[in-house]
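# Tertiary structure, described
Here's the letter readout for the chains.
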Amino acid sequence: MFLLMAAIAEHAAPRASLRTDALLAELRALIARHARPDETTAIDGVLLSAAARPGEPRASTSGTVMAVIAQGAKRLAIGDRVYDYGPGEYLVASVDLPITGHYTRASTDEPALGFGLILRPSAIASLALDADTAPASRPPRRARPAAPSGIGVAEASPEFLDAVVRLVRLLESPADRDILAPMIEREILWRLINGPLSQSVRQIGLADSSLTHMSRAVRWITQHYDKPFRVEELARSCGMSTSAFHRTFHAVTALSPIQFQKQIRLQKSRLLLLTGADDVATVGYRVGYDSTSQFSREYRRQFGLPPGRDAARLRAGAGPA
């Protein structure tokens, strides 16, 4: 019996691989036809991207999103964590985090092609609730798990890719789009909450999950990035002890709360420098630095050039690195 099962599994593996290859080929063709410069599509929450060159790492925020690479490769980094993913792999960002990212493999002949789906907590909560009330799918009760990382990468199954392809196909079927797109999005979310990154995805939809508490803290720091704050007070607002808050925040974001605030400050300062409205000292003060020398030192460590020189390069049209 064991040998028979092994033979069946061995035979099924190549078929799954062939199906994955065919789905990725169709996804590549669809993205190449429909990708826009701003990455938006006619389906709410669906993003398509195409890049003809690798480019340099750019600072941005991740959003709460699932992304699939159909061609090429991409790298994201936050803190000391680096995430690489390529064709047939997907990334889930379950918290809006300050990241640096870029395509590492892209060319004019073979551009990097990607699909993205914005993850809405309400849609995930509804599906998770339906799944957990079904007796056959209800998981055994366990102790509450530790907070998952805010970003994860996994291999996409053929079933998952099939749903993604069918959703993108609807860009070519306007008459069916409004009715079928929500159904297929729900199927994709179902694959996600039953896949390798299920813990992260499920917690997006839970009002009292550790990720939700951290999302609230991240949102507060992002909105008040230019103001000093006490970690103890932020921990208390999340109903956590200071030590537990520190531990959970770092597990999710790969940064301490103060490091996170610094990342946001430096990203905001770069955007202000790009406009050219203020000098370096004023920009540093606006984002929360009392010391111009400290601002210049941390800016150079983050972006490789002191703010004045980087600002001149940005305004000359080189674009942010």
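### Looking at the overall build of the chain
When helices and strands are counted, the chain shows twelve helices and nine strands. For the chain, the residues scored as buried account for 43% of the 321 residues in total. Sequence-distant contacts in the chain: of pairs separated by 6 or more residues, those separated by 24 or more amount to 73%. Of the accessible surface of the chain, which amounts to about 16,600 Å², a share of 54% is contributed by carbon and sulfur atoms.

### Let's talk about the pairing of strand 7 (residues 98-105)
On a regular strand, each side chain points to the face opposite its neighbour's, so the side chains alternate between the two faces of the sheet. As judged from the four bridges shared by strand 2 (residues 58-61) and strand 7, these two strands associate in the antiparallel manner. If you follow T61 over to strand 7, its bridge partner there is P98. Summarising the sheet, strand 4 (residues 73-78) and strand 7 pair through five bridges and their orientation is antiparallel. Residue pairing for strand 7: K74 is matched across the bridge by Y103.

### As for the sheet that holds strand 9 (residues 151-155)
Spatially, five strands are ordered 1-8-3-6-9 in an open sheet, and the strand pairing comes out antiparallel. The two strands at the open ends of the sheet, each matched to only one other strand, are strand 1 (46-51) and strand 9. Pairs of neighbouring strands in the sheet enclose a mean axial angle of 20°, with direction left out of account. Pairing of strand 3 (residues 65-71) with strand 6 (residues 89-93), which is carried by four bridges, proceeds in the antiparallel orientation. Bridge pairing in strand 6 links M66 to V92. Most of the contacts of helix 4 (residues 174-193) go to strand 8 (residues 112-118), to which it runs at about 95°, and overall it touches strand 3, strand 6 and strand 8.

### Quick look at the pairing of strand 4
Relative to strand 5 (residues 81-85), strand 4 runs antiparallel, the two sharing five bridges. Pairing of L76 across the sheet is with Y83, part of strand 5. Hairpin connection between strand 4 and strand 5: a loop of two residues separates the two successive antiparallel strands, and G79 in this loop has a positive phi of roughly 55°.

### A word on the nonpolar core
Residues I78, L91, L97, I151, F245, F249 and F260 are the most contacted members of the largest nonpolar core, which totals 45 residues. Not counting residues up to four positions away in its chain, the partners in contact with F249 are M214, A217, V218, I221, A254, L255, S256, P257 and F260. The next biggest cluster of nonpolar side chains, apart from the first, holds 39 residues, and it includes L30, L117, L170 and I184.

### Some details on the packing of helix 6 (residues 210-223) against helix 8 (residues 242-253)
Packing of helix 6 against helix 8 brings their axes to within 10 Å, and their N-to-C directions diverge by 85°. Put simply, helix 6 runs roughly perpendicular to helix 8. On helix 8, the residues touching S210, L211, M214, A217, V218 and I221 of helix 6 are F245, T248, F249, V252 and T253. Looking at the contact of helix 6 with helix 8, its residues break down into eight nonpolar, three polar and no charged.

### Here we look at a nonpolar patch on the surface
Together, I179, L180 and M183 line one region of the surface with nonpolar side chains, adding up to about 290 Å² of accessible area. Of note, L180 is situated in helix 4.

### Structural notes on the packing of aromatic side chains
How two aromatic rings sit relative to each other is set out by the distance from centre to centre and by the angle between their planes. The tally for this structure, following the rule as stated, stands at seven aromatic pairs. With centroids separated by 4.8 Å and ring planes inclined at 25°, the aromatic side chains of Y90 and F160 adopt a geometry described as stacked. A residue pair is termed long-range when its members are at least 10 positions apart, and Y90 in strand 6 and F160 in helix 3 (residues 158-169) qualify at 70 residues. You can call Y90 buried: its relative accessible area is 3%. Judged by its relative accessible area of 2%, F160 is buried. Between F249 and F260 the ring centres are 5.6 Å apart and the planes differ by 85°, which places this aromatic pair in the edge-to-face class. A residue pair is termed long-range when its members are at least 10 positions apart, and F249 in helix 8 and F260 in helix 9 (residues 257-275) qualify at eleven residues. We classify F249 as buried; its relative accessible area is 0%. Taken together, the ring pairs connect Y289, F295, Y299 and F303 into an aromatic cluster.

### Focus on the sheet that holds strand 2
Pairing within the open sheet is antiparallel, and its four strands lie in the order 2-7-4-5. Edge positions in the sheet fall to strand 2 and strand 5, since each has one partner strand and no second. Across the sheet, the mean angle from the axis of one strand to that of its neighbour is 30°, orientation sign disregarded.

Quick notes on the rules
- Residues numbered from 1 in each chain as written.
- Predicted model: local features only at pLDDT ≥ 70, side-chain atom pairs only at ≥ 80, totals over all residues.
- Heavy atoms only, no water.
- Helix = DSSP H or I, 4+ residues; strand = E, 2+ residues; numbered from the N terminus.
- Buried < 20%, exposed > 50% of the residue type's maximum accessible area, 1.4 Å probe, protein only.
- Contact = heavy atoms within 4.5 Å.
- Areas by Shrake-Rupley, 256 points an atom, 1.4 Å probe, with all protein chains shown as cover.
- Pairing = 2+ DSSP bridges.
- Axes fitted to C-alpha atoms, helices over the stretch in contact; angles between N-to-C directions.
- Core = buried A, V, L, I, M, F, W, Y, C linked by side-chain atoms within 4.5 Å.
- Parallel < 35°, antiparallel > 145°, perpendicular 65-115°, else oblique.
- Nonpolar A, V, L, I, M, F, W, Y, C, P; charged D, E, K, R; others polar.
- Patch = residues over 30% accessible without salt bridge, like charges linked within 9 Å, V, L, I, M, F, W, Y side chains within 5 Å.
- Salt bridge = Lys/Arg side-chain N within 4 Å of Asp/Glu carboxyl O.
- Phe/Tyr/Trp six-rings, centres within 6.5 Å; stacked < 30°, edge-to-face > 60°.

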